[in-house]
Amino acid sequence: MDGGGQNKRFDAFVSYSHTADAAFSRVLHRELEGFGRTNRRDRPLEIFRDESYLAAGRQLTPEIQSALGRSEWLLLLASPAAARSRWVNQELDWWWDRHGTWERLLVAVTDGEVGWSAAERDRLGERSAIPPALADRLEGELIWQDLRGLSRAQRFDSGAADVRMALAGLAAPLRGVPKADLIGFHVEWQRGEIRRGRRVAIALGAASVALALAAGAAFLQGRAAAESNVTANARLLSNAALAVADTDDERAKLLAVEGYRLHEDAQTTSALYQAAGANVYRSAQVPLPGPMTSTAQHASLTASGTHVVAATTEGLVLWDTHGATTEVLGLAGEEILDVAVGGDGTVVAAATPEAVTVWRDGRAFDVAAENARVGVDDSHLVVVESEPFSERPTRMRVIDTSDGSVVEDVKRHGVPSADEIGVDDGVVTIASELGTWQRRPLDDLGSVDAEGDQALAPMNGVLLALAPNARYFGFASYDLRVFPNYTGRAGAAGGGFHPTDPLPITTDNDLRVEDVPAAYVPQPLTSGNTTAFAISGTGDRYLVAGGDEIWVTSLRESLDGPARWRLTGARLPDAAVFLSNNRVVTVDHGSITLWNLSARPEVYDELDLVVQDGPTAGFSATLAASDDGERIAAVGGFGQMVIDDGTRTRTVEAEGYWPLWRRDGSLLIASTIAGYVLDGERVTELWLDDQETDTTSWGLFGAWVVGDRLILVDGDHDVQVRDAETGRLLRRIDTDIPEPEEWGRDTSIVNSAALSPDGTTVGIATADERGAYLVDLGSGRTRALRGEGVARGILMTDEAVIVVRPQQVDVLDATGAELRRVIPMEGDFVHAVAMVPGTSLVARVRNDGHLVLFDTGTGDEMGSFPMPSGGSSGVNWPWATATLTVAGESILSASANAPIARWDLTPGAVVDAACRAAGRDLRPEEWSAVASLDPPDDLSCGRDREPETPTSFTSAVTANAGLGSVTEP
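For the structure given in this document, a descriptive report is provided here. (Residues numbered from 1 in each chain as written. Predicted model: local features only at pLDDT ≥ 70, side-chain atom pairs only at ≥ 80, totals over all residues. Heavy atoms only, no water.)

Re the overall build of the protein chain
Phase 1 of the analysis: For the protein chain, the helix and strand inventory stands at 14 helices and 60 strands.
Phase 2 of the analysis: Looking at the protein chain as a whole, 56% of its 969 residues are labelled buried.
Phase 3 of the analysis: Pairs at least 24 apart in sequence give 53% of the contacts found in the protein chain among residues at least 6 apart.
Phase 4 of the analysis: Accessible surface computed for the protein chain: about 39,600 Å², of which carbon and sulfur atoms make up 47%. (Helix = DSSP H or I, 4+ residues; strand = E, 2+ residues; numbered from the N terminus. Buried < 20%, exposed > 50% of the residue type's maximum accessible area, 1.4 Å probe, protein only. Contact = heavy atoms within 4.5 Å. Areas by Shrake-Rupley, 256 points an atom, 1.4 Å probe, with all protein chains shown as cover.)

Below, the structure written as structure tokens:
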């Protein structure tokens, strides 16, 4: 709601993260306003929830401060994103400075974990939901409401006991009524609404029977009631989709599709996009009977990759990844130090401080051992007992798991501390967090096949990972430096390397340099402790979890597929393990999750075109498409232009040139000093080193053909108008955009440019303090747009001018004179931006490699989809140089060394994509569990969309009230 009058009082001010809880805050706002009313005359609660007052600056706006000062309570929606939000912390600072107490603070946790003491907050790290502005001023604990199970919903069933209790816990202090009394008021209110609803239903039923005799007005009233019922059911389906999105991807997509099919509005459309883009790589997820044990943050798997075992407080859990079944083996409440599984899940071992328990073929036996680490294969158990820095020899045993007999029992000095053990192909690998490793023959543990000492191993905050086949191991330290070791060829030792090195140093081995992949570490993980680290069996992929994010990165620079994947849809894991290069399992405190890295969003198709990035990376790729989207050209960091003219694909050198398709099918490539036309094999020069053109210009940032004119925007924020056929310069507009003196001539302040649909106005986004400007091509006049701060992108449509800034999106009217909406957003985005054809949606690229959709009409974030990407030798993030462009009815995306992708993001295409991703149809019982309307006879997901409302009101009443057929007037 808005601020209202300057003297208006509010019962509560809602402080929340726009990134995490924008949609949920609206739902909670709506439900809280009316909760606990005893009759229709009771006033709703007055709640302030900002939608558009956050400015680009770092301080609270006067409107926000005024609303805080007129609010009786502060309601904090706590989450890790809120804890990181500077605005949430500023609002808490303001409240404390004003009141000096938290007595009128309500805390509702929507995500993350809660810890009040400094020790608890340090342990939780990035998972902590409590903002520092609150945590640093607490001497004890606060009572809080747990809304984590509701935070994805867009509508609540306030009749459900858990929802009712949560809402009452927040509404009771706001209304000054005891919680128990408030719940009673709400229940009685609901009962009254049900009684009124029944009377309306009876009246509607009677009206339908007599409909043939009723007047046309009565028919229209009845039709409106039926439409309202359809709308309500559509939203029920959409809300249910979001509620199960974190636990059942398939059902979430199907429910969202059905809700959108039943009725199209902002709510059902948002649910459709969110469900379609959620958890793309998550393949399966099963709950754990209890959290992982604190001593064994560890998971293991079989060599065949069919079973995973994890240690929990409720016992050892064995998961069949193919059948998705789990079995609890035992050791509930025990301190489990290490686990291992072999065969096809037939052999499982777990080490406790005093023994090793082995399960095989339905029976279990114990082996006495102190503080041991274990490894298994199909038929053998390896037990290693070692003490770091001890002078005593290390005891190593091989035990036959079929009968428990000891095959080998040796003691040796010089064995690394057994922090990880792997058994594969008759070889036992023992690896230490200190950086040493050994490989010993299974049939002769007393001898050493190969060994090494990783001198670069970090010394604190270390996580050690051993590949499933025990041929690679590496380290992840607290600051996420990764030092892989390679032991993958006949016992050859590999050298370690720092991730900033272009290639690792290899010495005293036969591992060729070109066989060893280079690596760098995902930047979003530079804050927060590492919680899980794993290496694939091929040694060229690793998983790192930390900073509230999970990433898989390819160590090998390749153009064959994505180089890194962000995994969403599970809590931060405590353990991870690769089943194969494309399948990885994570284990957190509540579940085991299987990820499929070869999956991709169904909303785009990859083309056989790759934009190559070079050592001068940092500049966005240039991408152009013909009006019908069938012909494509793109220029990357090496200056190589890839061209697909619809008949063939080729590459030409075109550094510094902007491609532009002409209507005759030829390709114009232009710079500030030259222009050429490529038509098949023929190259025609249009202009070269025009003396009227400033040759010091920094490059082009926009090019368009409008009728017989060619319009160019250069890096000096000037506009050239040329003859589209001859290239002759018709006019040069020297804009009045100021350029800071300290920038100098070697740097451009232009970030991007856009042309109005009618071709009369150019919009320029710049890095100066005003950010965005409009240039009238007729008069040559330049006008600054409302708003302040850097503008990263600009779009122009028939209805609006859209200015993209680092922390917000400004939506102005088509003339740029009126600021209609400010859409606040958190997170880092690159310059790439495009309008989805035929919609009010804006697509942006977030620096975690997701294409994010925003509705400029409502301000809502509609959903996000992971983008294809490849490795980059020039920048840390391949998406830093991403670009987007409209191609007919679709959008094209390009990023460093990744395939160009064609996105169809219209709602109809997203429906089709969601159906393909779900891979099945919604079942009638799944529909009926949510909606009151009967399901349609045909629930196949791929069916044609039925009409939004029944073709006649009588058919709707008959279907839902069980009445006989009637005659429509």
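On we go.
What to know about the sheet that holds strand E43 (residues 709–714)
Phase 1 of the analysis: The four strands lie next to each other as E42-E43-E44-E45, forming an open sheet whose pairing is antiparallel. At either margin of the open sheet sits one strand with a lone partner, and together these are strand E42 (700–706) and strand E45 (729–733). Between one strand axis and the next, the sheet turns through 15° on average, direction left out of account.
Phase 2 of the analysis: Looking at chain direction, E43 and strand E44 (residues 719–723) are connected through five bridges and run antiparallel. If you follow leucine 712 over to E44, its bridge partner there is glutamine 720. (Pairing = 2+ DSSP bridges. Axes fitted to C-alpha atoms, helices over the stretch in contact; angles between N-to-C directions.)

A short note on a negative patch on the surface
Phase 1 of the analysis: A surface patch of like charges, here negative, comprises Glu334, Glu335, Glu354 and Glu370.
Phase 2 of the analysis: Turning to its location among the elements, glutamate 370 is positioned in the loop between strand E14 (363–368) and strand E15 (372–376). (Patch = residues over 30% accessible without salt bridge, like charges linked within 9 Å, V, L, I, M, F, W, Y side chains within 5 Å. Salt bridge = Lys/Arg side-chain N within 4 Å of Asp/Glu carboxyl O. Lys, Arg positive; Asp, Glu negative; His and termini not counted. Charge placed at Lys NZ, Arg CZ, Asp CG, Glu CD.)

A closer look at unusual backbone geometry
Phase 1 of the analysis: Backbone geometry at aspartate 361 places phi at a positive 55°, although glycine is not the residue there.
Phase 2 of the analysis: Secondary-structure assignment places aspartate 361 in the loop between strand E13 (355–360) and E14.

As for helix H4 (residues 86–99)
Phase 1 of the analysis: Taking 1.5 Å per residue, 14 residues should reach 20 Å; H4 reaches 20 Å between its end C-alpha atoms and fits that length.
Phase 2 of the analysis: For H4, every residue scored as buried is listed here: Trp87, Val88, Asn89, Gln90, Glu91, Leu92, Trp94 and Trp95.
Phase 3 of the analysis: Its buried side turned inward, H4 meets strand E1 (10–15), helix H2 (62–69), strand E3 (71–78), helix H3 (80–84), strand E4 (105–109) and helix H6 (132–135).
Phase 4 of the analysis: Capping of H4 at its N-terminal end is provided by serine 85; its side-chain oxygen lies 3.3 Å from the backbone amide nitrogen of tryptophan 87.
Phase 5 of the analysis: Following H4 by one or two positions, glycine 100 has its phi on the positive side, about 70°. (Expected span 1.5 Å × (residues − 1). Polar contact = N/O pair within 3.5 Å; in protein donor to acceptor, adjacent residues only side chain to side chain.)

A closer look at the packing of helix H10 (residues 249–262) against helix H12 (residues 907–918)
Phase 1 of the analysis: Running from N to C, H10 and H12 point in directions that differ by 150°, and their axes come no closer than 9 Å. By the angle class used here, H10 and H12 are roughly antiparallel. The two elements H10 and H12 meet at a crossing, and its hand is left-handed. Within the contact between the two elements, H10 uses Glu250, Lys253, Leu254, Val257, Tyr260 and Arg261 and H12 uses Pro907, Val911, Ala914, Cys915, Ala917 and Ala918.
Phase 2 of the analysis: Class assignment of the residues belonging to the contact of H10 with H12 gives a composition of nine nonpolar, no polar and three charged. (Parallel < 35°, antiparallel > 145°, perpendicular 65-115°, else oblique. Left-handed = near helix turned anticlockwise from the far one by under 90°. Nonpolar A, V, L, I, M, F, W, Y, C, P; charged D, E, K, R; others polar.)

Digging into the pattern of salt bridges
Phase 1 of the analysis: With the rule as written, the count across this model stands at 25 salt bridges.
Phase 2 of the analysis: Glutamate 72 is the partner of arginine 9 in a salt bridge, and the nearest nitrogen-oxygen pair spans 3.1 Å. Pair noted here: arginine 9 is in the segment before E1 and glutamate 72 is in strand E3, with a separation of 63 residues, a long-range link.
Phase 3 of the analysis: On the basis of relative accessible area, glutamate 72 is assigned to the partly exposed category, the value being 34%.
Phase 4 of the analysis: Linking aspartate 718 and arginine 732 is a salt bridge whose minimum nitrogen-to-oxygen distance equals 3.1 Å. Of this pair, aspartate 718 sits in the loop between E43 and E44 while arginine 732 sits in strand E45; the two residues are 14 residues apart in sequence, bridging distant segments of the chain.
Phase 5 of the analysis: Classification of aspartate 718 as buried rests on a relative accessible area of 7%.
Phase 6 of the analysis: Beyond isolated ion pairs, a larger network of salt bridges with shared partners links Glu250, Arg920, Arg923, Glu925 and Glu926.

Thoughts on the side chain of serine 591
Phase 1 of the analysis: Mapping serine 591 onto the fold places it in strand E32 (residues 591–596).
Phase 2 of the analysis: Taking relative accessible area as the criterion, serine 591 reaches 9% and is therefore assigned buried.
Phase 3 of the analysis: Apart from residues lying up to four places away in sequence, serine 591 is in contact with Gln285, Val286, Pro287, Leu288 and Thr586.

A look at the state of the cysteines
Phase 1 of the analysis: Enumeration according to the criterion identifies one disulfide in this entry.
Phase 2 of the analysis: The disulfide that involves cysteine 915 links it to cysteine 941, with 1.9 Å between the sulfurs. Between cysteine 915 and cysteine 941, the disulfide has an S-S torsion of -75° and is therefore left-handed. Here cysteine 941 lies in the loop between helix H13 (924–928) and helix H14 (953–961) and cysteine 915 lies in helix H12, a separation of 26 residues in the sequence.
Phase 3 of the analysis: What makes cysteine 941 buried here is its relative accessible area of 3%. (Disulfide = S-S within 2.5 Å.)

Structural notes on the pairing of strand E40 (residues 674–679)
Phase 1 of the analysis: Judged by how many residues are buried, E40 sits mostly within the fold: five of six residues are covered.
Phase 2 of the analysis: One ladder, built from four bridges, connects strand E39 (residues 667–670) with E40; its direction is antiparallel. Considered in E40, the bridge of leucine 668 is made with valine 677.
Phase 3 of the analysis: In textbook terms, the turn of a hairpin is the stretch between consecutive antiparallel strands, and for E39 and E40 this stretch comprises three residues.
Phase 4 of the analysis: Bridge count for E40 against strand E41 (residues 682–688) is six bridges, and the pairing is antiparallel. The partner of glycine 675 across the bridge, within E41, is tryptophan 687.
Phase 5 of the analysis: Hairpin connection of E40 to E41: two residues between the antiparallel strands, including glycine 680 at a positive phi of 65°.

Re the packing of H10 against helix H11 (residues 266–277)
Phase 1 of the analysis: The N-to-C vectors of H10 and H11 enclose an angle of 155°; their axes lie 8 Å apart at closest approach. Relative to H11, the element H10 lies roughly antiparallel. Taken as a pair, H10 and H11 cross one another with a handedness that is left-handed. Residue-level inspection shows Ala252, Lys253, Ala256, Val257, Gly259 and Tyr260 of H10 in contact with H11, the latter providing Thr268, Thr269, Ala271, Leu272, Ala275 and Ala276.
Phase 2 of the analysis: Split into classes, the residues belonging to the contact of H10 with H11 amount to eight nonpolar, three polar and one charged.

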